[in-house]
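Inside the fold
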Amino acid sequence: MKNSKSKFKTKRRTSEIFNDITLYSDYDYFYMENPNYFLTFSDVADHENQINNGIDIIKNIIILSPNYDIKNNFETSIKHFENEKKIESNLNDYGNYNTYIAQQFPIDPFINENNDETKNKKNDIIPNNNINYFLEKTDKISIINFINSNLNLIKISDNLQVAKVKRDSNSIELNLSQIIYIDESLNLKELIQLYKIAVETKIKYFDYLKLPEHIQDALNNNESLILACKSPINFKKGKKQNLMKLINENDKQKEISTNENLENLENIKKELVNSMVKSCSLSLEKTNLSFGILDYILAEGITIDLLVDAGMELCVGIDETPERIKELRLRLKNQILKSLEDINVIALLISAIRCEEDFKTNRVREVDVSDDPAYLYTDEVLGIAIANQIAGTKATFNFKRYDEEKPGILSKLGPMVDDIFAGLIAGCMSKIFEEEY
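This one's a predicted model, so the numbers in the text were calculated from it and none came from an experiment. (Residues numbered from 1 in each chain as written. Predicted model: local features only at pLDDT ≥ 70, side-chain atom pairs only at ≥ 80, totals over all residues. Heavy atoms only, no water.)

1. Focus: the environment of asparagine 148
This is how it is decided: Secondary structure counts use DSSP, requiring at least four H or I residues in a row for a helix and at least two E residues in a row for a strand, with both numbered from the N terminus.
Topologically, asparagine 148 is positioned in strand E8 (residues 141–149). In sequence terms asparagine 148 and leucine 176 are 28 residues apart; their C-alpha atoms lie 6.6 Å from each other.

2. Looking at the packing of aromatic side chains
The cut-off we apply is this: Two rings belonging to Phe, Tyr or Trp (six-membered ring only in the last case) form a pair when the distance between their centres is within 6.5 Å. Interplanar angles under 30 degrees mark stacking, angles over 60 mark edge-to-face geometry, and anything in between is tilted. Residue burial is assigned from relative accessible area. The probe radius is 1.4 Å, only protein chains are included, and a residue is buried under 20% of its type maximum, exposed over 50%, and partly exposed in between. Criterion for a charge above a ring: Arg CZ or Lys NZ at most 6 Å from the ring centre, at most 35 degrees from the ring normal.
Considering all chains together, one arrives at 12 aromatic pairs under this definition. A centroid spacing of 6.2 Å and a plane angle of 40 degrees characterise the contact between tyrosine 29 and tyrosine 31, whose relative ring orientation is tilted. With relative accessibility at 4%, the residue tyrosine 29 sits in the buried group. With 5.3 Å between their ring centres and 85 degrees between their planes, tyrosine 205 and phenylalanine 206 make a pair best called edge-to-face. In this structure an aromatic cluster arises from ring pairing among Tyr24, Tyr29, Tyr31, Tyr68 and Phe81. Its guanidinium or amino end placed over the ring of tyrosine 133, arginine 13 lies 4.1 Å from that ring's centre, counting from NZ or CZ.

3. Re empty space enclosed by the protein
This is how the line gets drawn: Residues are said to line a cavity or pocket when one of their atoms sits within 4 Å of a point; the points come from a 1 Å grid over protein atoms alone, cavities being sets where a 1.4 Å probe fits but cannot get out and pockets being open sets with protein on both sides within 12 Å along at least five of seven lines. Grid points are joined across faces, edges and corners, and a volume is the space filled by probe spheres set on the points. Classification convention: Asp, Glu, Lys, Arg as charged; Ala, Val, Leu, Ile, Met, Phe, Trp, Tyr, Cys, Pro as nonpolar; all other residues, Gly among them, as polar.
Overall, the coordinates contain three cavities of 30 Å³ or more when judged by the stated rule. Here the second largest cavity is characterised by a volume of approximately 60 Å³. Contributing to the lining of the second largest cavity are Ile147, Leu174, Asn175, Leu176, Phe206, Leu219, Asn220, Ser283 and Leu284. Contributing elements (two or more residues each) for the lining of the second largest cavity: strand E11 (174–182) and helix H5 (259–286). By residue class, the composition of the lining of the second largest cavity is six nonpolar, three polar and no charged.

4. Here we look at the confidence of the model for the chain
Spelled out, the test is: Think of pLDDT as the predictor's per-residue confidence, scored from 0 to 100. The contact criterion used is simple: two residues touch if any of their non-hydrogen atoms lie within 4.5 Å.
Chain-level statistics for the chain give a pLDDT mean of 84 and a share of 84% at 70 or above. Scored below 50 in pLDDT, residues 1–8 shows 24 contacts in the model against residues more than four places distant or in partner chains.

5. As for the packing of helix H9 (residues 343–360) against helix H10 (residues 378–391)
Stated formally: Axis lines are fitted to C-alpha atoms, over the contacting stretch for helices. Their N-to-C directions set the angle, which ranges from 0 to 180 degrees. Angles are sorted into four bins: roughly parallel if under 35 degrees, roughly antiparallel if over 145, roughly perpendicular if 65 to 115, and oblique for all others. The handedness criterion is simple: a crossing whose near helix is rotated anticlockwise from the far helix by less than a right angle is left-handed, and one whose near helix is rotated clockwise is right-handed.
Orientation of H9 relative to H10, taken along the N-to-C sense of each, is 165 degrees, at an axis distance of 10 Å. With respect to their mutual orientation, H9 and H10 come out roughly antiparallel. Note that H9 runs across H10; the crossing there is left-handed. Of H10, the residues touching H9 (which contributes Asn344, Val345, Leu348, Leu349 and Ala352) are Leu382, Ala385, Ile386, Gln389 and Ile390. Residue classes in the contact of H9 with H10 are distributed as eight nonpolar, two polar and no charged.

6. Observations regarding the nonpolar core
Selection criterion: Buried residues of nine kinds, namely Ala, Val, Leu, Ile, Met, Phe, Trp, Tyr and Cys, make up a nonpolar core once their side-chain atoms join them within 4.5 Å.
Counting residues in hydrophobic clusters, the biggest one holds 50 residues, and the most contacted among them are Leu307, Ile336, Leu340, Ile420, Phe421 and Leu424. Of all the elements in the fold, those that place two or more residues in this core are helix H6 (293–299), helix H7 (304–313), helix H8 (322–339), H9, H10, helix H11 (393–405) and helix H12 (417–436). In terms of residue count, H12 provides more of this core than any other element does, 11 residues in total. Not counting residues up to four positions away in its chain, the partners in contact with isoleucine 420 are Leu348, Leu349, Ala352, Ile353, Leu382, Gly383 and Ile386. The next biggest cluster of nonpolar side chains, apart from the first, holds 27 residues, and it includes Ile143, Ile182, Leu194 and Leu272.

7. Considerations on the pairing of strand E3 (residues 29–42)
Note the following rule: Criterion used throughout: strands pair if DSSP finds at least two bridges between them.
Of all the 14 residues making up E3, 11 are buried; the element is thus mostly covered by neighbouring parts of the structure. The hairpin turn running from strand E2 (residues 21–26) into E3, its antiparallel successor, is two residues long. In this sheet, strand E5 (residues 55–64) lies alongside E3 in antiparallel orientation, the contact comprising nine bridges. Across the sheet, residue glutamate 33 finds its bridge partner in E5, namely asparagine 60. Bridge analysis of E3 against strand E12 (residues 225–230) gives five bridges, and the strand direction is antiparallel. By the bridge assignment, threonine 40 is partnered in E12 with alanine 228.

The structure is reproduced here in structure tokens:
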């Protein structure tokens, strides 16, 4: 049964983009309407919660949140939505095309939930599935951006945070879905070109950010992209027409290209690239999501507890009572976190992490680190520098032990990264015993 609006504060919004195109939304739906119809090109995902043919001429583009749910069935939900909003029924007497395309997917609000994800469960309202969006608009283009993320920034210390999935989540979700409207009449070839540009720009932008690897791998794995423009020139509302014939006629008319038309298309391409970059940039800003040193360490398969385990393996000459071991582990953990707040330690760690990534992916032709060559000693230089930064000269001698023995997690790391974390552990171990004596 559909959730009652009385159980959740309404978020109704109505706005207009360009001439006669209206956007409507509430917490559980979004739809845009064009009385003169859209020509759309969209990715046809292989799942049941979607209605589109890839290429469509339609009046409405509809997005439903899982909160808009009738009998756990998308088709039933969309029929209910048709009746509720008095939208023309799909597959009517227009023949080969629909009056709308529709999808269902979760979209996050732009707020931190403070991990209180169950506060509305008694009303069957899941806050993470609320509809919210932001617009990026230019003279010819409007991009409606929807964000779905199950990541929260968790405070670890006064100056350290880490991005973690919210409770009840098994894997990372970070998706930017978009509806792009171009206020021009375009043929199918042009529409596909612009679709390709939009996809490639998004991929290149997020690749350029070099996000932590586990975040990058999860990014936009469940996204959606719909590209829309004005309906074909010969389209007649209310008249039964063949979709492909209409599009082919549009193509033939547009083939008679003037220099002015070509210049206009090039300007649209440039405008689209700029708008996509701004939308991608704002998407992370709107979710208050950023990444720090703990996220990049986690991307290497390393946790603070694993670093503590490695540090304690070579800890000798101490009272090995459970109480003493527990005390030392806690002090080492706190020292590691404190050291990770030092900008110089961060700079040295990131230098080695990025360097190893470039070497492993063969970005530098002259370098081959597949067998950890003996003549590569920059990793040790960085490890010694980290140890020295944390606890001075004596820590550099401690570094040698951890570099040679490679206890615990250190034995599983790459040729650049193992030594920098050996330096971090050696420095922190030296520091806690320095404070003790």
